[in-house]
Amino acid sequence: MMSIATSVIGEKILSIIGEVRDDLGKAPIVEGVHNFKTRRDHIPENLNDPNLKWGESNVEWSYTVLAKLESEMATKPVSILFKHGGLNPRFNEDHIVFYGTKGAIYIKGHYGMGPLYVWDENKTWQELPLPQDIVDDQPKVAGDTERNWQYLAREFVKDIKGENASYYQSFKEGSLYQQLIELIRKNDNCTDVRHLQ
């Protein structure tokens, strides 16, 4: 999510705060999961089945991150917020929104694959198709995660071969983002305000 924001706003991350949570608590223990892509095939049909074995969850199921980025498009740092909640039922889909001085862009989906809406001068949301060049450039596979990995691998191989490749995250950005994730995982960046109450 940070990479999506920095690719639009600018690469200079000034500050970050966030938290991760294990909102799951417990999960059924199932056999046969070997490939992450097929993990959903192993979800029990009846979670109330008394024969299910359950285990304590230790996964960072949900996260919230607030960051400030420097941007050539703004005189002040730009604030970004991204979150993921693993709890159900969900009220709405994941989405990405960019707010500007003259309007906003809203893209449905965790990785922003559409549909796309623009808040225009008429003060209404207008749905627009994703630009065809973006649609055409995406690997034709099911699933956001698989598509994104195939895109990254394709551009990486092109780059290694010396062919013209689109921008993709380098190991430098990957290292930076991993360090930011580790800071957020510490969950020690909130200010204790109990003494004010």
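Residues numbered from 1 in each chain as written. Predicted model: local features only at pLDDT ≥ 70, side-chain atom pairs only at ≥ 80, totals over all residues. Heavy atoms only, no water.

**A closer look at helix α3 (residues 144-160)**
Compared with the 24 Å implied by 1.5 Å per residue over 17 residues, the 24 Å span of α3 between its first and last C-alpha is a close match. Taken together, the buried positions of α3 are R147, Y151 and E155. In a view along the axis of α3, the buried residues occupy a sector of 60°, so they form one face of it. α3 presents W149 and I160 as exposed residues on the side facing more than 90 degrees away from its buried surface. Phi for G162, located one or two positions after α3, is positive at around 85°. (Helix = DSSP H or I, 4+ residues; strand = E, 2+ residues; numbered from the N terminus. Expected span 1.5 Å × (residues − 1). Buried < 20%, exposed > 50% of the residue type's maximum accessible area, 1.4 Å probe, protein only. Arc of directions from axis to C-beta.)

**Some thoughts on the pattern of salt bridges**
This model, assessed by the stated rule, comprises eight salt bridges. Residues E19 and R21 are paired through a salt bridge, measuring 2.9 Å at the closest nitrogen-oxygen approach. Note on E19: relative accessible area 30%, which makes it partly exposed. Residues R154 and E155 are paired through a salt bridge, measuring 2.8 Å at the closest nitrogen-oxygen approach. Salt bridges sharing common partners tie together D137, R154, E155 and K158. (Salt bridge = Lys/Arg side-chain N within 4 Å of Asp/Glu carboxyl O.)

**With respect to the nonpolar core**
Counting residues in each nonpolar core, the largest one holds 15 residues, and the members touching the most others are M2, L69, I80 and F82. Mapped by element, the contributors of at least two residues to this core are α1 (2-9), β4 (62-70), β5 (78-84), β6 (95-99) and α4 (171-185). In terms of residues, this core owes the most to one element, β4, which gives four residues. Apart from the residues within four sequence positions on either side, M2 is in contact with I13, I16, A67, L69, I80, F82, Y177 and L180. (Core = buried A, V, L, I, M, F, W, Y, C linked by side-chain atoms within 4.5 Å. Contact = heavy atoms within 4.5 Å.)

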